[in-house]
Structure formats: structure tokens, C-alpha cells
Amino acid sequence: ITVLVGQEKRTNVGLGPYSQLRIVVSLKVVQGSTVVLAQMDRMLEFNDHVNQLCLSEEAWTPSDSCVMSGMAGDMLTKTMETVVEQCSSTELCLTATPSGVDTLNWAGALACADTKGRYRAVGVYHSTAQSPPDRVTSLLGGGVGGNIARVITAGLASDPRVPDDPCEGVRCGLGNCVKEENVCDRNWDCQEGEDEINCPVVSSTSLALCEQVGSGPECSCLPGQLKCGNNLCLDLGAWCDGVPDCGDGSDEPAECGACVTRLALLTPTAICDSVPDCQDWSDETSQACGCQPDSFRCDQPFNISSSPSCIP
């Protein structure tokens, strides 16, 4: 059993900055009542978000300054005001102020203001319906308060013994056990992700990173490779083959759609070398050779010793 305090909003992933987790090491039934006290493995740290609620030390009178709290349907902690009267020596009667708040599964201590305006615990409740209970267990009569104090004193007399954990995987902070086969599977099974901490790094690709050139930011790949947009190195034969191998799609750019642009990407020296590599000779046109749109390139089909000429 795990106790979570200081959490103002219930979430599926992650805990709040003021949350504290404790393990329940023993449960004690208070003599002469149905109250059960839980002993935790260590003390709570009291602050503005986590604090103690003391028992009433004086003769209590009916009060309309009482509150109960719990987690509402919108996942936020809500409070509800209620008028409390003594029904019997063991029960208190509640008349809650209508608020429309769903109180299903609310549980805790009923707090009422004393004559000095300090809030004390006068009862404990557990709501099994969407509306608050009309009767709760009293902490005022029958020596219940004294019996609670004796149980607490006995529990503080020695350090709590934390039982052995039978979990064979990872025990989450909130108490659930994650099986070994679900640990380090890249899925959070614990709300805080404890089952994915200190996991071995698994590479998602077999491609090598480019090697840094000097002390600058540039890096290069081996001959016969091109650099992907994410700095991985991919063999030339794997570019423009319809299969994204880089992981970021950079090996299948729009340039792969036309012969001349694909050639310029993969084999730039084949552009304007007087040898047509594209069926439509688009790699040997004036534009491919860098001539201006309104100029003409002198054709040199079998002479690669001289550069082509552009005539305006």
C-alpha cells in the first residue's frame, strides 16, 4: 500500500512538485472503534501543501464550519462545507451544502473549526456515492481520541520495519509492480517512469554518423556515401530508391523525381560533361551547364577536354 500526499491534481503521467510518497508498513485498528491507522515507512515533510490535522482537545459543540475534501471528477482536489451535529457517541450527522461536486470514493478526516478558529479532526468518512454521506464515524466519544494517541505513541517508539518487497521487476513509487519483461521496453508503466530509468541505450539505426572535419561544425562521410540531413551517412545506391533510409526522409528528396536533378544530387560530375546520361539529354542542356536562360550552349558532344561555351 502506498500513500500519496500533496498531489492537488490527479494525472496519468507524472506527479506534482509538492507530492510525497510513503509506503504503509502496518495497519492498526483503534480499540473500541472502526478506525484504522496506517503507519508509514518514514515521516512526512510538513509544508504549505502537506500538514497535520490534530484531534480536538476540548469539548466539541455542533459546528457549521466543517469541511471534507477529495478528488473530484475533473481530477482536482475539491472541498465541501458541511454542518455537523453529534448523532450518537460513535457517529456524527452531516448536512452538506449543495455544490454538485461528485464525492464518490472520497475518504479522509472531517475537519471542524474549534472555538479559536483552528481546524481539528472530529471524524473520519468514506463516501460510497456521488453525494456525501449523512453519517460518519466520530473521533470524539468513547475514548477514541485517547486510543488513537496511544497507537501513535507506540508506533513512534521504534523505527518501522519495512517488509521485504516480493516484486521481481521494478516497484513503482505509487506501489504497483512492473514485471521484468516490461522494464526498459520504452513504455512508461510507472506513473513517474521508474521502469524506464537507467536503461541501456539501444541504437535505432545501423548507419554511422559523419566524421567531424577539423574543429568546425562540418562533417563528412566516406567515399561512396552521402550525408543525410541528420548527419548520418548512407551509401549512394540507397538514395532515390523510394525507401527512406536516413530516418528523416532526406535521402528521398523532391530532386529524385527528375533525371537531371537526381544526377546533380548523386553524381554532380556527370552534369555537363558532354556525355548524355539522361535519355532526354537534360543533363547537357544550356541550363544544366550554367548558361543564362537567354543564351545558347555550343554543342561539344564528344569533346570533353574543353569547357562548353555559352553564346548570348
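Here, the structure is the one placed above.
These remarks concern the structure in this document. What you see is a predicted model, and the numbers here were worked out from it, not measured in a lab.

Turning to the overall build of the chain, a few remarks are in order. Looking only at helices and strands, the chain features 2 helices and 17 strands. Buried positions account for 27% of the 312 residues belonging to the chain. Nonlocal contacts in the chain, meaning residues at least 24 apart in sequence, comprise 37% of its contacts between residues at least 6 apart. Looking at the chain as shown, the accessible area adds up to about 19,800 Å², and 53% of this sits on carbon and sulfur atoms. Computing the positive centroid from 18 side-chain charges and the negative centroid from 42, the chain places the two 16 Å apart.

In summary, soluble globular proteins display a tendency toward joint burial of nonpolar side chains. Formed by 15 residues in total, the largest nonpolar core has its most connected members in M68, V84, L92, L94, L110 and C112. Counting only elements with at least two residues in this core, the list comes to β4 (63-71), β5 (77-86), β6 (91-96), β7 (107-113) and β8 (119-126). Discounting chain neighbours no more than four positions away, the residues touching M68 are K78, T79, M80, L94, W106, L110, Y125, P132 and P133.

This part covers the state of the cysteines. All told, the structure shown has 11 disulfides when counted by the stated rule. Disulfide pairing is shown between C240 and C256; the S-S distance is 1.9 Å. Its S-S torsion of approximately -65° makes the covalent link between C240 and C256 left-handed. Within this pair, whereas C240 is found in the loop between β15 (233-235) and α2 (259-266), its partner C256 is found in the loop between β15 and α2, the two being separated by 16 residues in sequence. Exposure class is identical for C240 and C256. Each is buried. Note on C54: no disulfide assigned, nearest cysteine sulfur contributed by C112 at a separation of 14 Å.

This part takes up the side chain of S138. Within the secondary structure, S138 is located in strand β9 (residues 135-138). If near-sequence neighbours (up to four positions away) are discounted, S138 is found in contact with Q86, S89, T90, E91, L92, V122, G123 and V144.

Pairing in this closed barrel of 6 strands is antiparallel, and the strands run β4-β5-β6-β9-β8-β7 around the ring. The mean angle between the axes of side-by-side strands here comes to 40°, regardless of whether they run parallel or antiparallel. In this sheet, β7 lies alongside β4 in antiparallel orientation, the contact comprising 2 bridges. Within β7, the position partnered with C66 by the bridge is C112.

Turning our eyes to something else, we now look at helix α1 (residues 144-156). Across its 13 residues, α1 extends 19 Å between first and last C-alpha, which sits within 8% of the 18 Å expected from 1.5 Å per residue. Taken together, the buried positions of α1 are occupied by V144, N147 and I148. Taken end-on, α1 shows its buried residues confined to a sector of 105°, consistent with a single buried face. More than 90 degrees from the buried face of α1, the exposed residues found are R150, T153 and L156. Contacts made by the buried residues of α1 are with β3 (36-40) and β9.

Criteria and cut-off values
- The numbers attached to residues start from 1 for each chain and follow its sequence in the written order.
- Local features are withheld for residues below a pLDDT of 70 in this predicted model, meaning they are given only at 70 or higher, and side-chain atom pairs are given and counted only at 80 or more; totals for whole chains, interfaces and linings count all residues.
- Side-chain metrics in this entry use all non-hydrogen atoms of the structure; hydrogen atoms and water are not considered.
- Comment: elements are numbered from the N terminus, with helices defined as DSSP H or I runs of at least four residues and strands as E runs of at least two.
- Under the scheme applied here, a residue whose accessible area is under 20% of the maximum for its type counts as buried, over 50% as exposed, and between as partly exposed, the area being computed with a 1.4 Å probe on protein chains only.
- In what follows, residue pairs with any heavy atoms lying within 4.5 Å of each other are defined as contacts.
- Here the accessible surface of atoms and residues is derived via Shrake-Rupley with a 1.4 Å probe, and residues count as covered only by protein chains that are part of the display.
- His residues and chain termini do not enter the charge count, which takes Lys and Arg as positive and Asp and Glu as negative.
- Just so you know, the charge point we use is NZ for Lys, CZ for Arg, CG for Asp and CD for Glu.
- Residues belong to one nonpolar core when they are buried, are Ala, Val, Leu, Ile, Met, Phe, Trp, Tyr or Cys, and are joined through side-chain atoms within 4.5 Å.
- Any cysteine sulfur atom paired with another within 2.5 Å is treated as part of a disulfide.
- One requirement defines pairing of two strands: DSSP has to find at least two bridges between them.
- Between N-to-C directions, angles cover 0 to 180 degrees, with each direction set by a line fitted to C-alpha atoms, over the stretch in contact for helices.
- Given a helix with a known number of residues, its expected span is that number minus one, times 1.5 Å.
- This arc describes the spread of directions from the helix axis toward the C-beta atoms.

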